[in-house]
Amino acid sequence: MEIKKNSHTTVRTASKRTFLILFCIGFLILVAISAVCFYSFSNQKYHEKMIEKGDTATAEIYGYRYASGPMSGVHCVYKCVENGITYEGEWGPQMPSKEAEAYIGNQITIYIDGKGESFPVEDEPSTALTLTFSILITALALADFAGIIIFSIKIKNQKSK
């Protein structure tokens, strides 16, 4: 049995390529999560401006819709027409449909922006937490990117030897 002189180097390069591919996939996932986080932060800042403005309206819960995601349950939905503009949204935590039916017809107070955007008064934005999480995910993405560069350089240097 003949052992090739550079077989160990070839195996190490192949495993580094695998790590490089994993780093790239991780980077793409982290960038996507970071984008969603910053979008959520932007949305919450807009809600803070709506709170500062203080325009509210009374909306009626008219039904419920099934929540998407891993948990089963429904969200109550509200609707309000104020100055010819329709405001619709979800109210309350996920709950069983029987419980949601009991809320139909109830009135809730919502913040409105005059352009069709609204959210219930009970839903306070958590901008500090969202910003912290956004920065943390972005830092992880940058660290991942640094890993991509390091592995790329090591693979390139190993090929040139």
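Residues numbered from 1 in each chain as written. Predicted model: local features only at pLDDT ≥ 70, side-chain atom pairs only at ≥ 80, totals over all residues. Heavy atoms only, no water.

Engineer: Looking at this structure, I do not really get the sheet that holds strand 5 (residues 118-120). What am I missing?
Structural biologist: Strand pairing in a sheet relies on backbone hydrogen bonds, with the paired strands running either antiparallel or parallel. The five strands are arranged 3-2-1-4-5 in an open sheet whose pairing can be described as antiparallel. Looking along the sheet, the strands with just one partner apiece sit at the ends: strand 3 (85-95) and strand 5. Averaged over all pairs of adjacent strands, the angle between strand axes in this sheet comes to 45°, irrespective of strand direction. One ladder, built from three bridges, connects strand 4 (residues 107-112) with strand 5; its direction is antiparallel. Considered in strand 5, the bridge of I110 is made with P120. (Pairing = 2+ DSSP bridges. Helix = DSSP H or I, 4+ residues; strand = E, 2+ residues; numbered from the N terminus. Axes fitted to C-alpha atoms, helices over the stretch in contact; angles between N-to-C directions.)

Engineer: It is not clear to me how the pattern of salt bridges should be interpreted in this structure. Could you clarify?
Structural biologist: Note on pairing: side chains with opposite charge can pair once their charged atoms come close. Considering all chains together, one arrives at three salt bridges under this definition. Among the ionic pairs, E48 bridges to K45, the shortest N-O distance being 3.4 Å. With E48 and K45 both in helix 1 (residues 7-53) and three residues apart, the pair spans about one turn of that helix. On the basis of relative accessible area, E48 is assigned to the partly exposed category, the value being 22%. Put simply, K53 and D55 hold a salt bridge, and the shortest N to O gap is 3.6 Å. K53 gets classed as exposed once you look at its relative accessible area, which sits at 54%. (Salt bridge = Lys/Arg side-chain N within 4 Å of Asp/Glu carboxyl O. Buried < 20%, exposed > 50% of the residue type's maximum accessible area, 1.4 Å probe, protein only.)

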